[in-house]
Amino acid sequence: MHNETWDAIVIGGGSGGLSAALMLVRARRRVLVVDTGAPRNRFAAHMHGVLGRDGWSPLDLLATGRTEIERYGGVVTPAEVVAVAHADSGFDVALGTGEHHRARRLLIATGLRDELPDIAGLAELWGTGAFVCPYCDGWEVLDRRIAVLATGPMSPHQAQLLRQWSPDVTYFTNGAELPDDAVAELTARGIVIERRAVAGVSTDADGRLSGIRLADGDTTAIDVIFLHPRVVPNDALLRSLGADTVPGHGGAPWIEVDETGRTSVIGVWAVGNVVNPSASVPVASGAGNIAGATINADLIEEEIQAALAASEAAALTPRS
Ligand SMILES: Cc1cc2nc3c(=O)[nH]c(=O)nc-3n(C[C@H](O)[C@H](O)[C@H](O)COP(=O)(O)OP(=O)(O)OC[C@H]3O[C@@H](n4cnc5c(N)ncnc54)[C@H](O)[C@@H]3O)c2cc1C
């Protein structure tokens, strides 16, 4: 069943996808946004570093964005896209509900998954006591006891960054090797290095983070944890279309896009965390803004060619 044909279908309604949709609906394009409603930052009550919306709830930002899109005639539907395929001169988009829609262009903004280290109690604190981004959540823990949990080669750098927000930073190696130059640099800035293995995190009576439990039974009192989770792009739909990849984060292959979000698959764009793990809310939003305008220009180019072909055909048709 093919329910409708749209100028563009946007898959994923986070800040990247909704920004692209806003540009397209304001250009009088017929746009469907399909979204499962689980943005990466849904665990955090407040977002920061977002000009004009600093401290807002991330979910309120997206709810406002959906209203703006609907005001211009866009349609936002809560569903999962389970498959995409080339069809005619566009794409067939299959929803988990069983519906199928046709689109002339696709914008994929499905974000990524954060995979946390397997440390007891850590997942429950993600977005409330454990964070990834100092610029997003550092100000809220000024001068507090900050733990940085080693998860990869960039972890010492994360500890150095956080030293900007507090003089009380402890770097938990949790069994990972730490090069001599990193030891010297951390120590020089007063960052404590804890080499004992981590067993779990502890919380107070209200469920707030209170410390890191070590394998030998000791507990170190801390107020907040920062770490780099393993990031896994939600790019199965892009891969199913055969989009090219490039070595990206950690050397793993990520979908390749140009500066407008255009992929190697004609008619398909991708923006935000699905192609850029560093994209914050404003960066994902900016990428969506550019992609939306570029998709509109691409549709116009197709319409110019169609109009030319129609006028040439009319000129060749003998008058009766
Ligand atoms: C704990 C935490 C706190 C953060 N705090 C901040 C902050 O303060 N400031 C800041 O700028 N950034 C912050 N970030 C980063 C922020 O989450 C990302 O920058 C932002 O979410 C990226 O937007 P996006 O549109 O690329 O992806 P997302 O916001 O993750 O949106 C992707 C959307 O696609 C949907 N989706 C996925 N697959 C499908 C499918 N198959 N069909 C339909 N829909 C699908 C998802 O449900 C989701 O709604 C934080 C991140 C974390 C983890």
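Please read all numbers here as calculations on a predicted model, not as lab measurements.

About the criteria used
- Residues numbered from 1 in each chain as written.
- Predicted model: local features only at pLDDT ≥ 70, side-chain atom pairs only at ≥ 80, totals over all residues.
- Heavy atoms only, no water.
- Helix = DSSP H or I, 4+ residues; strand = E, 2+ residues; numbered from the N terminus.
- Expected span 1.5 Å × (residues − 1).
- Contact = heavy atoms within 4.5 Å.
- Polar contact = N/O pair within 3.5 Å; in protein donor to acceptor, adjacent residues only side chain to side chain.
- Pairing = 2+ DSSP bridges.
- Axes fitted to C-alpha atoms, helices over the stretch in contact; angles between N-to-C directions.
- Buried < 20%, exposed > 50% of the residue type's maximum accessible area, 1.4 Å probe, protein only.
- Domains from an automatic or database assignment.
- Buried area = accessible area lost by both parts, 1.4 Å probe.
- pLDDT = per-residue confidence, 0-100.
- Phe/Tyr/Trp six-rings, centres within 6.5 Å; stacked < 30°, edge-to-face > 60°.
- Lys NZ or Arg CZ within 6 Å of the ring centre and 35° of its normal.

Novice: When you look at helix α2 (residues 58-71) in this model, what are you seeing that I'm missing?
Specialist: For an α-helix, the turn length of 3.6 residues means that residues three or four places apart are oriented alike. Look at α2: 20 Å from first C-alpha to last across 14 residues, which is about the 20 Å you get at 1.5 Å a residue. Looking at the packing, one finds that the buried side of α2 touches α1 (15-26) and β3 (75-78). For α2, the N-terminal cap is Ser57; the gap from its side-chain oxygen to the backbone nitrogen of Leu59 is 3.1 Å. Just beyond α2, the residue with positive phi is Gly73, at close to 95 degrees.

Novice: Quick question: what am I supposed to make of the sheet that holds strand β14 (residues 219-221) here?
Specialist: Whether parallel or antiparallel, the strands of a sheet pair through hydrogen bonds between backbone atoms. Spatial strand order, β12-β13-β14: three strands in an open sheet with antiparallel pairing. Both edges of this open sheet fall to β12 (198-203) and β14, since each of them pairs with a single strand only. Across the sheet, the axes of successive neighbouring strands diverge by a mean angle of 25 degrees, strand direction being ignored. Across three bridges, the pairing between strand β13 (residues 209-214) and β14 is antiparallel.

Novice: When you look at the environment of Gly49 in this model, what are you seeing that I'm missing?
Specialist: Locating Gly49 in the fold gives a position in the loop between β2 (31-35) and α2. Take Gly49: its relative accessible area is 54%, and that puts it in the exposed class. Taking the C-alpha atoms as reference points, Gly49 and Ala199, separated by 150 residues in sequence, lie 33 Å from one another. Leaving out residues up to four positions away in the same chain, Gly49 has contacts with Asp54 and Pro282.

Novice: Is there a simple way to think about the domain arrangement of the protein in this case?
Specialist: Interface extent is often summarised as the accessible area lost during association of the parts. According to the domain assignment, the protein consists of domain 1 (2-114 + 230-315) and domain 2 (117-226). Computed from C-alpha coordinates alone, the two centres of domain 1 and domain 2 are separated by 35 Å. Facing the five residues of domain 1 at the interface are seven residues of domain 2. With both chains or domains summed, domain 1 and domain 2 bury close to 530 Å², and 54% of this area falls on carbon and sulfur atoms.

Novice: Would you take a moment to explain the confidence of the model for the protein for this structure?
Specialist: Detailed reading of the predicted model is not advised wherever pLDDT is low. In this model, the protein carries an average pLDDT of 96, and 99% of its residues clear a pLDDT of 70 or more. Considering each helix and strand of the protein separately, the mean pLDDT is smallest for strand β1 (residues 2-11), with a value of 89, and largest for strand β19 (residues 268-270), with 99.

Novice: What is the right way to look at unusual backbone geometry in this model?
Specialist: Negative phi characterises most residues that are not glycine, and trans characterises most peptide bonds. Even without glycine at this site, Arg28 takes up a positive phi of about 65 degrees. Secondary-structure assignment places Arg28 in the loop between α1 and β2. Of the residues examined, Arg28 reaches a relative accessible area of 78% and is grouped as exposed. The phi dihedral of Asp143 falls on the positive side, at around 65 degrees, and the residue is not glycine. Mapped onto the elements of the fold, Asp143 is located in the loop between α3 (134-137) and β9 (146-149).

Novice: It is not clear to me how the packing of aromatic side chains should be interpreted in this structure. Could you clarify?
Specialist: What characterises a pair of aromatic rings is the spacing of the ring centres plus the angle enclosed by the ring planes. Taken as a whole and judged by the stated rule, the model has two aromatic pairs. Plain terms: the ring middles of Phe131 and Phe226 are 5.9 Å apart, the flat faces sit at 40 degrees to each other, and that makes the pair tilted. Here the residue Phe131 occupies a position in strand β8 (residues 130-131), and Phe226 occupies one in strand β15 (residues 224-226), the gap between them amounting to 95 residues. Where Tyr135 meets Trp165, the ring centres are 5.5 Å apart and the plane angle is 85 degrees; that geometry is what we call edge-to-face. Of the two residues, Tyr135 is situated in helix α3 and Trp165 in the loop between α4 (155-162) and β10 (169-172); the sequence distance between them amounts to 30 residues. Using a relative accessible area of 59% as the deciding quantity, one classes Tyr135 as exposed. The residue whose ring lies beneath Arg30 is Trp6, and the NZ or CZ to ring-centre distance is 4.6 Å. Positioned above the aromatic ring of Trp56, the side-chain terminus of Arg53 is 4.3 Å from the ring centre.

Novice: What exactly am I supposed to notice about the sheet that holds strand β11 (residues 192-194) here?
Specialist: Here five strands make up an open sheet; going across it, the order is β8-β15-β9-β10-β11 and the pairing parallel. Bordering the open sheet on either side are β8 and β11, each of which pairs with just one other strand. Bridging between β8 and β15 involves two bridges; their strand directions are parallel. Considered in β15, the bridge of Phe131 is made with Phe226. With respect to the sheet, α4 is in contact with β9, β10 and β15, its orientation differing from that of β9 by roughly 165 degrees.

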